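# Descriptive analysis of the structure
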Amino acid sequence: GEDVEQSLFLSVREGDSSVINCTYTDSSSTYLYWYKQEPGAGLQLLTYIFSNMDMKQDQRLTVLLNKKDKHLSLRIADTQTGDSAIYFCADPSSNTGKLIFGQGTTLQVKP
Amino acid sequence: NAGVMQNPRHLVRRRGQEARLRCSPMKGHSHVYWYRQLPEEGLKFMVYLQKENIIDESGMPKERFSAEFPKEGPSILRIQQVVRGDSAAYFCASSPPSTSGSTGYNEQFFGPGTRLTVL
């Protein structure tokens, strides 16, 4: 079945780059998404990538997609304390568009 | 344009009671998805509805859980005879009608969630 895997925890110092990794199994998706969840809040779409792209850059965010290895990564440059949150990658089911989420990566940013 | 609204934000129930969770999608959105987030876990899909239709309920537990999205009013997720294992955050997301099918870009906008605690 469809599955999405992420590492659970990442700790970085303020100003460093953060790289959050994700692997997925359903390769038919046209888009892949990254969501951010702050404590006690809902999910906010952070960025997405079209499946025929290898890379997408959006200000401090860079998304890399390796379709052959089914690997997706999110790089946050110059990480700030406000970036502390849980980050989820999500793969839409090809049938109905429901999102298959990874377990979420908790990003801790130390001052 | 108001975002997705969910109420209540927090709900406490005793074992055996019923829980009703409401979701009002964004204006113009006709697709509603419900997800459950158990403590320390990611979100798991439960059900996908369009107005008056259940499209995909493959993630719904077979008993005690039901969902509806009537022609008028919010979508409701109903849990009968709640048990402690139902304690979780329940998120609703809405999306507009997709012009390119489920494989096109179709952002889901999430509500703030309802945190259910079963005592």
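A few points on the structure.

The rules we used
- Note that residues are indexed from 1 along each chain, following the sequence as it is written.
- Numbering of ligands from 1 and lettering of chains from A proceed in the order in which they are written.
- For this predicted model, a pLDDT threshold of at least 70 governs which residues receive local features, and a threshold of 80 or more governs which side-chain atom pairs are given and counted, while totals over whole chains, interfaces and linings are taken from all residues.
- Water and hydrogen atoms play no part in the side-chain values, which are based on all heavy atoms of the structure.
- Helix and strand definitions here come from DSSP, where helices need a minimum of 4 consecutive H or I residues and strands a minimum of 2 consecutive E residues; each element is numbered from the N-terminal end.
- Each residue is assigned to one of three classes by its accessible area relative to the maximum for its type, calculated with a 1.4 Å probe on protein chains only: buried under 20%, partly exposed between the two thresholds, exposed over 50%.
- Only four residue types enter the tally: Lys and Arg on the positive side, Asp and Glu on the negative side; His and the chain ends are excluded.
- We define a salt bridge as a contact between a side-chain nitrogen of Lys or Arg and a carboxyl oxygen of Asp or Glu at a distance within 4 Å.
- Between two residues, a contact is recorded if the distance between any of their heavy atoms is within 4.5 Å.
- Two parts placed together each lose some accessible area under a 1.4 Å probe, and the buried area is that loss summed for both.
- Polar contacts, as used here, are pairs of N or O atoms within 3.5 Å; protein pairs need one atom able to donate a hydrogen and one able to accept it. Residues neighboring in sequence count only if both atoms are side-chain atoms.
- Two rings belonging to Phe, Tyr or Trp (six-membered ring only in the last case) form a pair when the distance between their centres is within 6.5 Å. Interplanar angles under 30 degrees mark stacking, angles over 60 mark edge-to-face geometry, and anything in between is tilted.
- Any two strands with at least two DSSP-identified bridges between them are counted as paired.
- Structural elements are reduced to axes, namely lines fitted to C-alpha atoms, with helices fitted over the stretch in contact, and the angle between N-to-C directions of any two is expressed from 0 to 180 degrees.

We now examine the side chain of Asp 91 of chain A. Residues and elements named next belong to chain A. If you trace the backbone, Asp 91 turns up in strand S9 (residues 85-92). One buried charged side chain, Asp 91, makes no salt bridge at all; its nearest oppositely charged neighbour is Lys 70, positioned 8.5 Å away. Ignoring sequence-local partners within four residues, the contact set of Asp 91 consists of Val 4, Tyr 24, Asp 26, Ser 29, Leu 32, Lys 98, Leu 99 and Ile 100.

This part is about the interface of chain A and chain B. Listed by partner, the interface residues are 21 residues for chain A and 24 residues for chain B. Carbon and sulfur atoms supply 54% of the area that chain A and chain B bury against each other, a total of about 1,800 Å² over both sides. Across the contact surface, chain A and chain B share 1 salt bridge. With a shortest N-O distance of 3.4 Å, Lys 98 of chain A and Asp 56 of chain B are connected by a salt bridge. Counting across the chain A and chain B interface gives 6 residue pairs in polar contact (both at pLDDT 80 or more). Contributions of two or more residues to the side of chain A that touches chain B are made by strand S4 (31-37), strand S5 (43-50) and strand S10 (99-101) of chain A.

Right, let's talk about the pattern of salt bridges for a bit. Residue and element names in this part refer to chain B. Scanning all chains against the criterion turns up 7 salt bridges over all chains. Ionic pairing is found between Asp 86 and Arg 64, a salt bridge with its closest N-O pair at 2.7 Å. You can see Asp 86 sitting in the loop between strand S8 (75-79) and strand S9 (88-95) and its partner Arg 64 sitting in the loop between strand S6 (53-56) and strand S7 (65-68), a full 22 residues away along the chain.

A few words on the environment of Asp 91 of chain A. A residue is classified by how much of its surface remains accessible, and Asp 91 of chain A, at 2% relative accessible area, is buried. Spatially, the C-alpha atoms of Asp 91 of chain A and Leu 107 of chain A are 20 Å apart, while their sequence positions differ by 16 residues.

Right, let's talk about unusual backbone geometry for a bit. The omega torsion across Asn 7 of chain B and Pro 8 of chain B is 0°, close enough to zero to call that bond cis. Within the secondary structure layout, Pro 8 of chain B lies in the loop between strand S1 (5-7) and strand S2 (10-13). Even without being a glycine, Lys 70 of chain A presents a positive backbone phi close to 55°. Counting through the fold element by element, Lys 70 of chain A comes out in the loop between strand S7 (61-66) and strand S8 (71-76). Positive phi, normally seen in glycine, also occurs at Arg 64 of chain B, with a value near 75°.

A few words now on the packing of aromatic side chains. Using the criterion set out here, one finds 13 aromatic pairs over all chains in the structure. With centroids separated by 6.4 Å and ring planes inclined at 20°, the aromatic side chains of Tyr 33 of chain B and Tyr 35 of chain B adopt a geometry described as stacked. For the pair Tyr 33 of chain B and Tyr 35 of chain B, a shared accessibility class is recorded, and that class is buried. With a centroid separation of 4.4 Å and 5° between ring planes, the pair formed by Tyr 33 of chain B and Tyr 48 of chain B is classed as stacked. Residue Tyr 33 of chain B is found in strand S4 (residues 31-37), and its partner Tyr 48 of chain B is found in strand S5 (residues 43-50); the two are separated by 15 residues along the sequence. For the residue pair Tyr 33 of chain B and Tyr 48 of chain B, the accessibility class agrees, reading buried in each case. Through pairs of rings, three or more aromatic residues link up here, namely Tyr 31, Tyr 33, Tyr 35, Tyr 48, Phe 50, Phe 88 and Phe 101 of chain A together with Tyr 33, Tyr 35, Phe 45, Tyr 48 and Phe 110 of chain B.

Residues and elements named next belong to chain B. Strand order in the open sheet made by the 4 strands is S1-S3-S8-S7, with antiparallel pairing throughout. One side of each edge strand has no neighbouring strand; the edge strands of this open sheet are S1 and S7. In this sheet, adjacent strand axes meet at a mean angle of 15° when their direction is disregarded. Direction of pairing for S7 relative to S8: antiparallel, over a ladder of 4 bridges. Among the inter-strand pairings, Glu 68 is bridged to a residue of S8, identified as Ile 76.

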